[in-house]
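An overview of the molecular structure
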Amino acid sequence: MAREFDDRIQFDQDRQVMEVDFSDFTFDSSETVNRVYDRIEGRIAATGEELWFFLINLNGTRIDSSAWVAYARRGRALNLAHSMGTVRYDASPETAAQIERAARTEAFDPNLLTSRADALVRIGQMPSRRRGPRVQHDPNYVETDFFHRISFDEDSRIMEADFSWFTFHHSRDVNDFYDHIEARIAASGYDKWFFLINYEGTQILPAAWVQYAHRGKTLNIAHSLGSVRFAPGSETEADIRLRAESQDFRPNIRNTRAEALARIEEMRMEHGYPATAIGAVSASAG
């Protein structure tokens, strides 16, 4: 579906507008929402520009009740990360009512107009927030901020990544941390590890999600024997579960570190590794 949706996403460099055509399209499930929004995020990333005005055609759009939570959540995240202003037009009465209700609940301006021409006029009245040819993020962290958050247990072949109470503000934070992880794996003596990831209190802000999903997927393909996550905050857990629907991975989220280690032990057995004492692993990696 992602590639099939490409014709519905257009960029006008002169107006700094990304136009998305949802006309006569049905979001029939949460998975459909996530696949479409993954593709929109990917297309934005490919432009090299992080900020655009959004022009959304909602003529004849249908959003099933099973898809609405995902649609609202992914749309809000996309707007926070990449929109300098969003204008929607030609909404059907049903969709318009849903958007108006969401606007009242989440305190945003739906900017819902009746024609594309009027929508473009509205966008033309909005100020651009672009500064220079490309957004350049300043680093929020240095190498020492990452070092003690990564540890390796050779006996159990577990790499533990401690993202607890860490905030990924934007793509620069993601790239800096994941570059560090890849360098540490390269120096570890083993190419593949079981990944144990602590998400307690982690924040992945909207501007970081596209690159976070990309680097995480790439790292897992190259170096993971299996990944288990534990103790994520409610917001992060919801985002991980949503994106897992469309990116073909099992979120493997557990409530506690002990439960996560137990799941890794199951994975170890599936891979033919000898059993370990979970208590000993927990003590050595803690």
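Everything below is about the structure printed above this text.
Residues numbered from 1 in each chain as written. Predicted model: local features only at pLDDT ≥ 70, side-chain atom pairs only at ≥ 80, totals over all residues. Heavy atoms only, no water.

1. Examining the sheet that holds strand β8 (residues 150–153)
The following threshold applies: In this scheme, strands are said to pair when DSSP sees at least two bridges between them. Labels follow the DSSP assignment, with helices taken as runs of H or I lasting at least four residues and strands as runs of E lasting at least two, numbered in each case from the N terminus. Note on contacts: a residue pair is in contact if any heavy atoms of the two residues lie within 4.5 Å. Each axis is a line fitted through C-alpha atoms, taken for helices only over the stretch in contact, and angles between the N-to-C directions span 0 to 180 degrees.
Here five strands make up an open sheet; going across it, the order is β8-β9-β11-β13-β14 and the pairing mixed. Two strands in the sheet have a free side with no partner beyond their single neighbour: β8 and β14 (253–254). Sheet topology places strand β11 (residues 193–198) next to strand β13 (residues 224–230); six bridges connect them, and they run parallel. Across the sheet, W193 pairs through a bridge with S224, a residue of β13. Set on the sheet, helix α6 (residues 171–188) makes contact with β8, β9 (158–162) and β11; between it and β8 the angle comes to about 25 degrees.

2. A few points about the environment of P93
Put simply, the rule is: Partly exposed residues are those whose accessible area sits between 20% and 50% of the maximum for their type, while under 20% is buried and over 50% is exposed, using a 1.4 Å probe and protein chains only.
With respect to the helices and strands, P93 occurs in helix α3 (residues 93–106). Residue classification places P93 among the exposed residues on the basis of a relative accessible area of 65%. Expressed as a C-alpha distance, the spacing of P93 and N59, which sit 34 residues apart in the sequence, is 9.6 Å.

3. Thoughts on the environment of Y190
Within the secondary structure layout, Y190 lies in the loop between α6 and β11. Setting aside residues up to four positions removed in sequence, Y190 forms contacts with E154, R157 and I185.

4. Observations concerning the packing of helix α2 (residues 65–82) against helix α7 (residues 206–223)
Operational definition: Any angle between 65 and 115 degrees counts as roughly perpendicular, while under 35 counts as roughly parallel, over 145 as roughly antiparallel, and the rest as oblique. Residue polarity follows a fixed list, in which Ala, Val, Leu, Ile, Met, Phe, Trp, Tyr, Cys and Pro are nonpolar, Asp, Glu, Lys and Arg are charged, and the others, Gly among them, are polar.
Viewed as axis vectors pointing N to C, α2 and α7 meet at an angle of 105 degrees, and their least axial separation amounts to 7 Å. Classified by the interaxial angle, the pair formed by α2 and α7 is roughly perpendicular. Between α2, through A77, L80, A81 and H82, and α7, the contact on the second element is made entirely by P206, A207 and V210. Classifying every residue of the contact of α2 with α7 gives six nonpolar, one polar and no charged.

5. Describing the packing of helix α1 (residues 30–47) against α2
Formally: Less than a right angle of anticlockwise turn of the near helix away from the far helix marks a crossing as left-handed, whereas a clockwise turn marks it as right-handed.
In contact at an axis separation of 8 Å, α1 and α2 are set at 15 degrees when each is read in the N-to-C sense. Relative to α2, the element α1 lies roughly parallel. As for how α1 packs across α2, the hand of that crossing is right-handed. Here S30, V33, N34, Y37, D38, I40, E41 and I44 of α1 come into contact with α2, specifically with S66, A67, A70, Y71, R74, G75, L78 and H82. Class assignment of the residues belonging to the contact of α1 with α2 gives a composition of eight nonpolar, five polar and three charged.

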